[in-house]
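Okay, here's what each chain looks like letter by letter:
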Amino acid sequence: MPICTTCTHSTEYLYTTYESEYNLRLEQCSNCKAFVDPYVEFDALTLFIDLILLKPGVYRHLLYNRGTEPRKLGQGEQKEQEKAAKQESSKYDAKEQRRWLLIAKLGPSLVFLDAFIRWSYLNPTSSSDPIIWTADMLKAFGRILAGTVAETLAFHLGIMFVSYCLLKLVDWLQTWRTQSRTPSAVRQEFRLSLIPLTLFYSSLTKYFLLLLLTIWLPASSSKPPPTSQPLPSWVDKVLPNNELAYWAFQLLDDDKLDREWLVRNVLGGMSAGFGLRVILDDIQPIFTTSIIVLGWGAKTLVANFVSGWIGGDQTFQEAWLAYSIP
C-alpha cells in the first residue's frame, strides 16, 4: 500500500485520473492534509536532484509509491471487485519483483562507475594524453571491477543482515512491552529488497561528486603542490594574526586533504545512514550509524582479502586499501 511522502501515513491511492492519464488530481493525506505524493508529477531530472540533496520524500516515492495504480474516475462501482482482485494477487508481490529487477539494472551500472572512478585514481594519466585500452590495461581494470563487486556485495549483505537482526529485536521488544501496538505503514511495507535499493539510491550523491573529482582532478594528482601557498588577502583582514585560521586553511591544501576518500567514506556513509533511517521507520541515528560501521567492517575484511589478488606493486595495493577502507 502506498504511503504519504510527508507523514508516512498509509493511503489507498496517490492520485485520481479523469478522461486522460495526463489529467489528474493529487490525493490529499487524511492525516497531515498535504498532498500524498507530489513527486508523481515530477520528471526524472527533478527526482535525481532531490536524491542528491537527500530529501526523504523522494526516497518514499521511489521505494514505496513508484508504480502504484491510480484511481480512475467512473470506476467507483468496481471498487469491491478491485479489492477482491488485489487480495487474490497478494501472494504474488509484483512490486517486490520490480524492486529486485531495478536492483539488477541499477546495481551493475553503479558498480561499474565505481570501478572506473577507482581505476582513474589508481592509474592516473595526463589529461592531454588519450586513453589507449591495451590488453594489460583491460586486465587491470577487470581485476579492479571484480574487487569492487566483491566489496559492494560484502557491504550490502552485511548491512542487510544487521538491519534484519535489529528489526527483529525491535519487534520483539515492542511485543514484550505491549500487545496492542500497531506497526507503522513503513514497518508494514518493509522488505529486504528496500535495503540494497536504498543504498544504491543513497550512493548517487557520492558517485556524482566522485565523478566530478575524476573529471577535474585536483592539482596533487598531476603535479606536486608547492610547499607553501599564500592565503587569500581577505583572511588577513578578517582574522589578523590568527594562527588557528592559517592552520585550518592549510588543511584544505591538495597535499593534505584527500577529497576522494572524504567523499567516498564520510559523505557516502552519511548518505547511506540517512537512507536507512527512511526505510527503518526513523530509527535512532546511533543505530543506523552502528549498522553502517558494521557494514564497513565487512567491506574492510573483503578489501584486505582482495587487495593482494588485484595485482600491482605494494604502492598500488596500499592505495587500493586507502580508497576501500574507511
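Under an unreviewed UniProt entry, the name given to the protein chain is Protein ARV, and the source organism is Candolleomyces eurysporus. Its UniProt record gives the protein chain the following Sequence similarities (unreviewed entry) comment, quoted word for word: "Belongs to the ARV1 family."

Colleague: Before we move on, can you summarise the pattern of salt bridges with the specific residues and values?
Modeller: Overall, the coordinates contain 7 salt bridges when judged by the stated rule. Between Glu 151 and Arg 118 there is a salt bridge; the shortest N-O distance is 3.0 Å. Note that Glu 151 is positioned in helix H5 (residues 135-177) and Arg 118 in helix H4 (residues 94-122), a separation of 33 residues in sequence. Overall, the relative accessible area of 2% leaves Arg 118 in the buried class. Between Arg 187 and Asp 171 there is a salt bridge, with the nearest N and O atoms lying 2.3 Å from each other. Here the residue Arg 187 occupies a position in helix H6 (residues 185-188), and Asp 171 occupies one in helix H5, the gap between them amounting to 16 residues.

Colleague: Break down the environment of Thr 6 for me, with residues and values.
Modeller: Looking at where Thr 6 falls in the secondary structure, it is placed in the segment before strand S1 (15-17). With 23 residues separating them in the primary sequence, Thr 6 and Cys 29 have C-alpha atoms 8.9 Å apart. When residues no more than four places from it in sequence are discounted, the contact partners of Thr 6 are Cys 32, Ala 34, Phe 35 and Arg 60.

Colleague: Requested: an account of the sheet that holds S1, with residues and values cited.
Modeller: Spatially, the 3 strands line up as an open sheet ordered S2-S1-S3, and their pairing is mixed. In the strand order of this sheet, the two ends are held by strand S2 (24-26) and strand S3 (71-72), each with one partner. Two elements, S1 and S2, share 3 bridges in a ladder whose sense is antiparallel. Looking at S2, one finds that Thr 16 is bridged to Arg 25.

Conventions and cut-offs
- Residues numbered from 1 in each chain as written.
- Predicted model: local features only at pLDDT ≥ 70, side-chain atom pairs only at ≥ 80, totals over all residues.
- Heavy atoms only, no water.
- UniProt positions renumbered as here; feature names shortened; annotations may be inferred.
- Salt bridge = Lys/Arg side-chain N within 4 Å of Asp/Glu carboxyl O.
- Helix = DSSP H or I, 4+ residues; strand = E, 2+ residues; numbered from the N terminus.
- Buried < 20%, exposed > 50% of the residue type's maximum accessible area, 1.4 Å probe, protein only.
- Contact = heavy atoms within 4.5 Å.
- Pairing = 2+ DSSP bridges.

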